[in-house]
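Coordinates in review
Letter by letter, the chains look like this.
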Amino acid sequence: NLVAWVKHNGGRVDDRLGLTNHQHGDRLVRGGVALQNIKAGSELLFLPWSIVFGTIDDTAAVPDNKCEVLQSYASEVDAGRASFWYPYLALDDSLSSRVPSLWDELAISELQG
C-alpha cells in the first residue's frame, strides 16, 4: 500500500486523500482523489526527499547524468517486490515495464516491423 509506505518512510498523507488507481469511466487512472471534502490550503501530501526517486542524498538535487537515474529505475523495476520502491512501482504500473531495456525479445521484435 503506497500510503502506508509513504508514512513509514517519513511522509504524510491526509486521510481524506486516496492515492491509488481509480476507475474513471472505462479507464483505470493513477493518482490522488479526494475521499471527503478538503478545506483549501490543507496539506494533502508531504514527501521527504529520501522517497523522491532520482534525488541525491535526501536533497532536491538531481544527478547531471540522467542515464544513471534511468538505469537505477530499471534496476528497481527488475527487482520487483524486493525493491524498496515496490509500493510506488506497483501503483505506477512500471512493473509491467515501460523501461525498454527490461523488455523481453518478443516485445522488442514487435518494434522491428
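Structure first, text after, so check above.
Now for a look at the structure at hand. What you see is a predicted model, and the numbers here were worked out from it, not measured in a lab.

**Some thoughts on the layout of surface pockets**
If you add up the space inside the largest pocket, you get close to 280 Å³. Around the largest pocket sit 16 residues that line it, and Leu2, Trp5, Val6, Leu47 and Tyr88 are the ones nearest its centre. Secondary-structure elements contributing two or more residues to the lining of the largest pocket are helix 1 (2-8), strand 2 (17-24), strand 3 (27-34) and helix 3 (86-92). Its residues placed into classes, the lining of the largest pocket shows 12 nonpolar, 3 polar and 1 charged.

**A closer look at the packing of aromatic side chains**
Under the counting rule described, the total for this entry stands at 5 aromatic pairs. Seen in terms of ring centroids, phenylalanine 53 and tryptophan 85 are 4.9 Å apart; in terms of plane orientation they differ by 75°. Their pairing is edge-to-face. Taken together, the positions of phenylalanine 53 in the loop between strand 4 (45-46) and helix 2 (66-79) and tryptophan 85 in the loop between helix 2 and helix 3 put the pair 32 residues apart, joining distant regions of the chain. Between phenylalanine 84 and tryptophan 85 the ring centres are 5.1 Å apart and the planes differ by 85°, which places this aromatic pair in the edge-to-face class. Clustering of aromatic rings is evident, with ring pairs tying together Trp5, Phe53, Tyr73, Phe84 and Trp85. One residue, arginine 12, lies across the ring of phenylalanine 46, its end atom 4.3 Å from the ring centre.

What counts as what
Residues numbered from 1 in each chain as written. Predicted model: local features only at pLDDT ≥ 70, side-chain atom pairs only at ≥ 80, totals over all residues. Heavy atoms only, no water. 1 Å grid on protein atoms, 1.4 Å probe; cavity = no way out; pocket = protein on both sides within 12 Å on 5 of 7 lines; lining within 4 Å. Points joined across faces, edges and corners; volume = space filled by probe spheres on them. Helix = DSSP H or I, 4+ residues; strand = E, 2+ residues; numbered from the N terminus. Nonpolar A, V, L, I, M, F, W, Y, C, P; charged D, E, K, R; others polar. Phe/Tyr/Trp six-rings, centres within 6.5 Å; stacked < 30°, edge-to-face > 60°. Lys NZ or Arg CZ within 6 Å of the ring centre and 35° of its normal.

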